[in-house]
Each structure stands twice: as structure tokens, then as C-alpha cells.
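Remarks on the overall topology
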Amino acid sequence: MSVASGDRPRLGWITQSLYGVSALGTAARGGLLGGAVLFFYNRILGLEASAVSFAMLVALLIDAFWDPVVGQMSDHSRSRLGRRHPFIYAAIVPASICFALVFMPPLQWDDDAIFLYLLATLIAARVLESLVEIPMTSLLPELSSDYDQRTSLSSWRYVFMAVVGRVMSTVLAYGVFLKGTKAQPFGQMNLAGYAPYAITVAIISIAVTLLSALSTQRYAPYLHQPQQARPTFVQMGREILVAAGNRNFLALALSGLIFGIAIGITGGLMLYFRTDFWALPSNSLLQLTLWAIPGALVGVVIAPRWAKWLGKKRGCLTVFFAAIFSTTVPITLRLLGVMPPNSSPWVLRILIVDEFFTGLLSSVGFVIVTSMLADVVEEVQVKTGRRSEGVLFAADSLLRKVTNSFATALPGIFLTIVHYPRFAKPGEVPQAILNHLALLYLPTVTILYLCSTSMLMLYRIDRRRHEDNLERIAQSAELAGEADQELNPHLAPDVAGAT
């Protein structure tokens, strides 16, 4: 039974913030499942970098093709709890347990057995994570159809991902579990710290995700209810192709696809650069990350105003091109011989300034991009007659994860090409190897970031077009309601016209 939309609770800032808090757990888990896995299994446990990267590739590739299935299931699910929430409630606990197990391998096993353990736990963690993340992100366009309020919702989600989540992860890592000591200043090399760190993150993830889901549960009766029968797998595939064939979706998807390759390389090598290229002990890593938080926070605050002033597309292009320049400056200066030596306190200060501005610019861009993707939902609905939030967000995730899965192999390949030593202690990696790695990394990611941002030029939805889409959907719903009323005159008008 549909509920009259006039009775729907107001979407205030408290609910918006509680919706966004789920991203805190996503950020914390994602950070560890990225570069930390490669560093942990390669530098600490001694597995070949290429083997670890291959396990990450396989897990992410399986996850990529699983996402559209999750999106379709949640789009067409029917229950008294709504379309999205049952998946979140069912998967968050097992997803968090499998995530923690990734960092708890049986150390007495040989390398081949540990590789299989890594592969199995990564696949389980990724697959279960999708059952939480796809339904949660698909709620965003359902909670609000307002052009500007969607940017606000995206801002709240990003503030917990890039600001609160980053602070939490950094403090837990380099301030608690991987904290350096006088005897061992490089706490990131501490094997015993990773398991309790992962368990703590898993517990926090369960708590914040459940809080977020429960806070939006009261909106479930007012969100779109699927009227059609659950489609077959062939129909699912056809719907994915139709929804994903939208020009504006393709612009965002291609941008995210290329960006996924770049971020996979960056995420895999970041801890290597910070530990060996910049020789940063864990207390410096703590400072570096915490000082970057204000930049991301400022970016989240100004993103809705920036998008309203310049428009979503122009505002996004502006900050992303500036961020590309910002993020490549320090390594470029070091290769040119301009940066001070690692013994100088100015190295950390320069990196902090760079992180601040990169975080500010990137956060503005990512908030706006998420809002742009939400606006594609109505564009597709006008042409297909279906609400396909889950399909669109899952298809976007599929493309990014397919490319990112192969990108996860690139850090291991780079490390193999330069003959990076597996068991070297911080400070023992030859500078020639570090420079060789930087010369492979820098031009590769710079070109990828430029191509990714340029794809956004193909996006065409602006405020006027979005409002036109909403008007056309309302007219279609009104005509459908009138037709239902003629066929079933005993139905109340508000029920006949509900969607």
C-alpha cells in the first residue's frame, strides 16, 4: 500500500547528517582494504607484491559484477521495511567480520596458503560490502528530488567519509594501534597492531551503519514502491543496458572508470611513498593526515554554494583540474631537486600544505559528482518509466571496480619493475629505486587524472533540464493516476496516482 506523499516527514539537517554517517564506516573499511592490504601482506608478511595485487584484482573484479545484481535486487525488492533497508540490516555484521579477518591471517601457514586465505577473505568482504553500500548510496536520490538538497545530502555523506572517517582512521592507526615508539618510530611496520585496528574499525562500522539505516527507516513507506513484478535475469540485463546507456551517465561513468585506475595506483603506493620516499614515521603520518582534514571540511561546506554559483558541471571541472596540479607538486619538486632533504622539517610542512589544498579541492568535486549522478535518475526515468537508482549506482560502481580491479595490479607491477626490496626497513631502500618508482608513477597518474576530469565535459544536465525532467515525471504520474481512476473508480485519487 502506498502512503500519501503529503504525510512524509521533513528531511531536516539531523536526518541528512545521520544518513551521511554511514560513510564513516565505508571510509574506514575502504582505507584498510586499499593500500594497507598490499603494504601489510608485502612489506610485513613478505608475500610477493604481484601475488597480493592479483588477489585484490580478483576480489574487486568479482565484486564489480556482483554490484549490478545487488542494485537490481534492491530496486525491485518489496518488504514492509522498504526496498533498501533489509539488505543493509542483513549484511553489515558479516561484512564487518570478513573485513576484520583480512588482517588476521594464520601466520604459521606457508605463503601459498596465506595467499589463498587473503583471496577468500577479500572476496567475502567485498561481496558482503556491496550488500550494504549499494542500497545505502541508492537512498540518496530517493530521499530528495530537490536539485540543491541532493548536493547537501552528498555533502553530509562526504563529510563523514573524507573528514570524520579520515580523522577516526588516522587516530586509530597512527595514534593508537600503529603508533611509533622511540625504539621503532615507524609504527606502520608493527604486525601486532593491524588485527586489533581492523576489529575496532569493524565494530564502529556496524554501529554507525545501523544508526544511519534506522534514522532513514521512517522514510521507507514514502519512497518509491516497485509496482512491476520482479524481473528475470534477462530483463535485468536489458534494464541495466538501457539505464547505463544514458549519455550523461556515460560521461560520469567514463570519468569514474579512468579515475578508478588512477586511484588504484595511488592507493596502492601511497604508504610506500610516505614510508620510504618521504621517510615519514607514524607520528608524522598522523600529523599529515590530521592537518589535511580542515581542507576537506572546508570543501564539504562550500561545495553546495560552489555548485549553486557556477553550476554543478563547471564547478566540478574547475576544482578537479586545480586538484590535479596540487596533488602532483611535491613529487615533481623532489624529482627536480627543489624539495629540501627528508631530514628537514620543511618536508612535512610542504606536504601538509599540499594535502590541505588537495583535500579541499577534491572534496568539493566529489560532493558535486555524487549529486550529478543522482540527477541522472530522473533523466532515465523519463525515458524508461522506471526508477533505477540501484541500477545506476551499481552500474557506475561496476565500471569503476572493473578498472580499479586491474589497477590494483599496477602497484605490484610497478614495485616488481623497479625491483623494490620486500624486507627492507625504512631508510634502507636505495634512492635510485625510489626515483625510478616516482618516474613510473607521476606521469601515469597525471595523464589519467586529466583524462578523467575531461570526460565530465560531456555531461549535459543543468538545473533547468533537471526541473523539466521532474515536471515530465509528475505529468506522467498524473496521467497514470487518471487512467487508474477510470479503470478502478472505487480507488481513492491519492492512492491511484501514487508511484
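The following refers to the structure shown.

The rules behind these values
Residues numbered from 1 in each chain as written. Predicted model: local features only at pLDDT ≥ 70, side-chain atom pairs only at ≥ 80, totals over all residues. Heavy atoms only, no water. Helix = DSSP H or I, 4+ residues; strand = E, 2+ residues; numbered from the N terminus. Buried < 20%, exposed > 50% of the residue type's maximum accessible area, 1.4 Å probe, protein only. Contact = heavy atoms within 4.5 Å. Areas by Shrake-Rupley, 256 points an atom, 1.4 Å probe, with all protein chains shown as cover. Core = buried A, V, L, I, M, F, W, Y, C linked by side-chain atoms within 4.5 Å. Salt bridge = Lys/Arg side-chain N within 4 Å of Asp/Glu carboxyl O. Phe/Tyr/Trp six-rings, centres within 6.5 Å; stacked < 30°, edge-to-face > 60°. Axes fitted to C-alpha atoms, helices over the stretch in contact; angles between N-to-C directions. Left-handed = near helix turned anticlockwise from the far one by under 90°. Nonpolar A, V, L, I, M, F, W, Y, C, P; charged D, E, K, R; others polar. Patch = residues over 30% accessible without salt bridge, like charges linked within 9 Å, V, L, I, M, F, W, Y side chains within 5 Å. Polar contact = N/O pair within 3.5 Å; in protein donor to acceptor, adjacent residues only side chain to side chain.

A word on the overall build of the protein chain
If you tally the helices and strands in the protein chain, you get 17 helices and zero strands. A total of 499 residues make up the protein chain; the buried ones form 55% of that total. Look at the contacts in the protein chain between residues 6 or more apart in sequence, and 84% of them connect residues 24 or more apart. Looking at the protein chain as shown, the accessible area adds up to about 21000 Å², and 67% of this sits on carbon and sulfur atoms.

Some points on unusual backbone geometry
For A279, which is not glycine, the phi dihedral falls at a positive 55°. As for its placement among the helices and strands, A279 is situated in the loop between helix 9 (247–277) and helix 10 (282–310). A residue is classified by how much of its surface remains accessible, and A279, at 32% relative accessible area, is partly exposed. One non-glycine residue, H419, lies in the positive phi region at around 60°.

Regarding the nonpolar core
By size, the foremost hydrophobic cluster in this structure holds 106 residues, and its most contacted members are Y41, F103 and Y420. The dominant element in this core, judged by the number of residues it contributes, is helix 12 (residues 346–384), at 13 residues. Sequence-distant contacts of Y420, defined by excluding residues within four places in its chain, comprise R43, Y272, D276, L415, V429, I433, L434 and L437. Core analysis: the next-biggest nonpolar cluster, separate from the first, contains 20 residues, Y19, V70, M136 and L153 among them.

Topic: the pattern of salt bridges
Evaluation of the coordinates by the stated rule reveals eight salt bridges. When the shortest N-O distance is used, the salt bridge between K312 and D375 registers 2.6 Å. A residue pair is termed long-range when its members are at least 10 positions apart, and K312 in helix 11 (residues 312–335) and D375 in helix 12 qualify at 63 residues. D468 is the partner of R472 in a salt bridge, and the nearest nitrogen-oxygen pair spans 4.0 Å. Of this pair, R472 and D468 both sit in helix 16 (residues 463–487), four residues apart, which is roughly one turn of that helix. Where salt bridges share partners, they join R83, R84 and E142 into one cluster.

Regarding the packing of aromatic side chains
If you walk through the whole model with that rule in mind, you get 19 aromatic pairs. Relative to F115, the ring of F54 lies with its centre 6.4 Å away and its plane at 20°, an arrangement referred to as stacked. Taken together, the residues span a long stretch of sequence, with F54 in helix 3 (residues 49–75) and F115 in helix 5 (residues 111–143) at a distance of 61 residues. Residue F54 is classed as partly exposed on the basis of its relative accessible area, which comes to 45%.

Quick look at the environment of T15
Positionally, T15 belongs in helix 1 (residues 13–20). Of the residues examined, T15 reaches a relative accessible area of 6% and is grouped as buried. Measuring from C-alpha to C-alpha, the distance between T15 and L153 comes to 9.5 Å, with 138 residues separating the pair along the chain.

Structural notes on the packing of helix 10 against helix 11
Two measures define how a pair of helices packs: the angle their axes make with one another and the distance between the axes. The contact between helix 10 and helix 11 brings their axes to 6 Å, and the two run at 120°. When the axes of helix 10 and helix 11 are compared, the crossing they make is right-handed. Packed against helix 10, whose contacting residues are W306, A307 and L310, the element helix 11 presents K312, R314, G315, T318 and V319 at the interface. Considered class by class, the residues forming the contact of helix 10 with helix 11 number four nonpolar, two polar and two charged.

Notes on a nonpolar patch on the surface
On the surface, V93, I97, L101, M104, I199 and I203 cluster together into a nonpolar patch covering about 480 Å² of accessible area. With three residues, the single largest contributor to the nonpolar patch is helix 4 (residues 85–102).

Overview of the environment of I44
Relative to the elements of secondary structure, I44 occurs in helix 2 (residues 22–44). For the pair I44 and Q188, spaced 144 residues apart in sequence, the C-alpha to C-alpha distance is 9.2 Å. Residues in contact with I44, not counting those within four places in the same chain, are F39, Q188, M189, L191 and Y194.

A look at the side chain of T328
For T328, the position within the fold is in helix 11. A distance of 3.1 Å separates the side chain of T328 from the backbone oxygen of F325, its partner in a polar contact. Residues within four places of T328 in sequence aside, it is in contact with L442 and T446.

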